[in-house]
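Listed below, chain by chain, are the residues.
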Amino acid sequence: MSIISIDQQIADFFNQLWGGNGWGNMLLILISLSLTVILSSFIGLEREVRGRSAGLRTHLLVSVGSAIIMIISIYGFPALVSGQTRDPARLAAQVVTGVGFLGAGAIIHYAGGIKGLTTASTIWLSMAIGLACGSMNFILAIISTILVMIVLITFRRLERRVTKHHPMVIILGSSKRPILSDILAVAKEYNVIVGDVTSQIIQDGDDEKIQIVFRLSGENNALLDIDTTGFCNELKVRTGAIDIKVINHH
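## Remarks on the overall build of the chain
Turning to step 1, where the next piece is worked out: Scanning the chain from N- to C-terminus turns up eight helices and six strands.
Turning to step 2, where the next piece is worked out: Taken from the N to the C terminus, the helices and strands of the chain come in the order α-α-α-α-β-β-α-α-β-α-β-β-α-β.
Turning to step 3, where the next piece is worked out: A separation of at least 24 residues holds for 65% of the contacts in the chain among residues at least 6 apart in sequence.
Turning to step 4, where the next piece is worked out: Of the roughly 14800 Å² that the chain leaves accessible, carbon and sulfur atoms contribute 62%.

Below, the structure is given as structure tokens:
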């Protein structure tokens, strides 16, 4: 027996207690929205603490809105003819597409990389949790929220340990110098691999500068084990760079 049918039995039970006037369904709706707010708050607060663009209010609104649409899909369009079939998932399916566009707005290109993918994912997950609560799949919503929080908090430490061995380097210098050739020469001396290279010309008045972003790794994509400070100092001397930054994680 599915969770939805069990919840419907609970609603029928309360309806019988209150004379079949529908208060059982109203109780389920109240529980659904309350649980949606509680669960999405955990995810939103985590994003808020991290200082992300989409924080507590955004995740709450997305999750509650998704739950409301799911509830409307279930209770808002009753079958008028006996035996008539209807698809309560049709309206809810549009939420998946709509929230996908909303999450795309949180993704930006930054320093040659992409920032905001995790926030976009949590927005999408908040939508899924809202749909689960709205469809009365409370156990699924609670378990999913616990797993999401484990990934966001615990796996973040693991990610930092891994990504610090593949740092991203941002170098700004004169566009008139062969900076890329110098980068490859220094990388060869330090026995490291340069990958994911992107570059762009930056206009500074009458002077043109070039910004090159690349990621370092060991041979055969092994974990990097070099002195990044010494590498960058040598790179600055060799290329005459104006500025060099090292980003260990995004």
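Having put the structure on the table, let's press on.
## Looking at the pattern of salt bridges
Pairing of side chains with opposite charge becomes possible as their charged atoms draw close.
Turning to step 1, where the next piece is worked out: Tallied over the full model, the rule gives three salt bridges.
Turning to step 2, where the next piece is worked out: Among the ionic pairs, Glu189 bridges to Arg238, the shortest N-O distance being 2.8 Å. Taken together, the residues span a long stretch of sequence, with Glu189 in helix α7 (residues 179-189) and Arg238 in helix α8 (residues 228-239) at a distance of 49 residues.
Turning to step 3, where the next piece is worked out: The exposure class of Glu189 is exposed, given its relative accessible area of 52%.

## Section: the packing of helix α3 (residues 56-75) against helix α5 (residues 117-134)
Turning to step 1, where the next piece is worked out: Between α3 and α5, the shortest axis-to-axis distance is 7 Å and the interhelical angle comes to 35°. Crossing of α3 against α5: the hand is right-handed. Taken together, the residues of α5 that come into contact with α3 (itself represented by Thr58, His59, Val62, Ser63, Ser66, Ala67, Met70, Ile71 and Ile74) are Thr119, Thr122, Ile123, Ser126, Met127, Ile129, Gly130, Leu131 and Gly134.
Turning to step 2, where the next piece is worked out: The class makeup of the residues in the contact of α3 with α5 is nine nonpolar, nine polar and no charged.

## Some thoughts on the sheet that holds strand β3 (residues 168-174)
Turning to step 1, where the next piece is worked out: Taking strand neighbours across the sheet as the criterion, the four strands line up as β4-β5-β3-β6 in an open arrangement whose pairing is antiparallel. Taken across any chain shown, the strands that pair with only one partner, and hence form the sheet edges, are β4 (193-204) and β6 (243-247). Neighbour to neighbour, the strand axes of the sheet diverge by 15° on average, direction disregarded.
Turning to step 2, where the next piece is worked out: Alignment of β3 against β6, held across five bridges, turns out to be antiparallel. When the sheet's bridge partners are listed, Val169 is paired in β6 with Val246.
Turning to step 3, where the next piece is worked out: Most of the contacts of α7 go to strand β5 (residues 207-217), to which it runs at about 25°, and overall it touches β3, β4 and β5.
Turning to step 4, where the next piece is worked out: Of the strands in this sheet, β3, β5 and β6 are in contact with α8, which crosses β6 at around 155°.

## Thoughts on unusual backbone geometry
Turning to step 1, where the next piece is worked out: Here the phi dihedral of Met136 falls at roughly 70°; this positive angle occurs in a residue that is not glycine.
Turning to step 2, where the next piece is worked out: Summarising the element assignment, Met136 is placed in the loop between α5 and α6 (138-163).
Turning to step 3, where the next piece is worked out: For Met136, a relative accessible area of 3% puts it in the buried group.

What counts and what doesn't
- Residues numbered from 1 in each chain as written.
- Predicted model: local features only at pLDDT ≥ 70, side-chain atom pairs only at ≥ 80, totals over all residues.
- Heavy atoms only, no water.
- Helix = DSSP H or I, 4+ residues; strand = E, 2+ residues; numbered from the N terminus.
- Contact = heavy atoms within 4.5 Å.
- Areas by Shrake-Rupley, 256 points an atom, 1.4 Å probe, with all protein chains shown as cover.
- Salt bridge = Lys/Arg side-chain N within 4 Å of Asp/Glu carboxyl O.
- Buried < 20%, exposed > 50% of the residue type's maximum accessible area, 1.4 Å probe, protein only.
- Axes fitted to C-alpha atoms, helices over the stretch in contact; angles between N-to-C directions.
- Left-handed = near helix turned anticlockwise from the far one by under 90°.
- Nonpolar A, V, L, I, M, F, W, Y, C, P; charged D, E, K, R; others polar.
- Pairing = 2+ DSSP bridges.

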